[in-house]
Amino acid sequence: MKTYASKKLLNTVKNSAHEYMIRRQAANYERFMQEKADVFQVTGAKEQALFWAMN
């Protein structure tokens, strides 16, 4: 049986993992754009979404 505390902890862990993945994807995207397009900063959400959709 799951208690409120265990559900809350599980949600916290899930949220932390999700936030980590988002930050890691953003960093990988930045690095990719710097290497391939020789640009220093690309932070547009739409451009990132297109990049990840194409991979």
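Trainee: Sorry, what's going on with the overall build of the chain here?
Mentor: Within the chain one finds two helices and zero strands. Across the 55 residues of the chain, 11% fall into the buried class.

Trainee: So what exactly am I meant to see when it comes to the packing of helix α1 (residues 4-37) against helix α2 (residues 45-54) here?
Mentor: When two helices pack together, their arrangement is given by the angle between their axes and by how far apart the axes lie. At a closest axis distance of 11 Å, the pairing of α1 and α2 adopts a crossing angle of 85°. When the axes of α1 and α2 are compared, the pair comes out roughly perpendicular. Here Q25, A26, N28, Y29 and F32 of α1 come into contact with α2, specifically with E47, Q48, F51 and W52. The residue makeup of the contact of α1 with α2, split by class, is five nonpolar, three polar and one charged.

Trainee: In this structure, what is going on with the environment of Q48? I would like to understand it.
Mentor: Mapped onto the fold, Q48 is located in helix α2. Between the alpha carbons of Q48 and A26 there is a distance of 7.4 Å; along the sequence they are 22 residues apart.

Trainee: Can you walk me through α1 in this structure?
Mentor: An α-helical turn contains 3.6 residues, so any two residues separated by three or four positions project in the same direction. Across its 34 residues, α1 extends 48 Å between first and last C-alpha, which sits within 8% of the 50 Å expected from 1.5 Å per residue. Looking only at α1, the buried set comprises Y29, E30 and M33. Next to the buried residues of α1 lie α2.

Criteria and cut-off values
Residues numbered from 1 in each chain as written. Predicted model: local features only at pLDDT ≥ 70, side-chain atom pairs only at ≥ 80, totals over all residues. Heavy atoms only, no water. Helix = DSSP H or I, 4+ residues; strand = E, 2+ residues; numbered from the N terminus. Buried < 20%, exposed > 50% of the residue type's maximum accessible area, 1.4 Å probe, protein only. Axes fitted to C-alpha atoms, helices over the stretch in contact; angles between N-to-C directions. Parallel < 35°, antiparallel > 145°, perpendicular 65-115°, else oblique. Contact = heavy atoms within 4.5 Å. Nonpolar A, V, L, I, M, F, W, Y, C, P; charged D, E, K, R; others polar. Expected span 1.5 Å × (residues − 1).

By themselves, these observations are geometric and do not establish any function.
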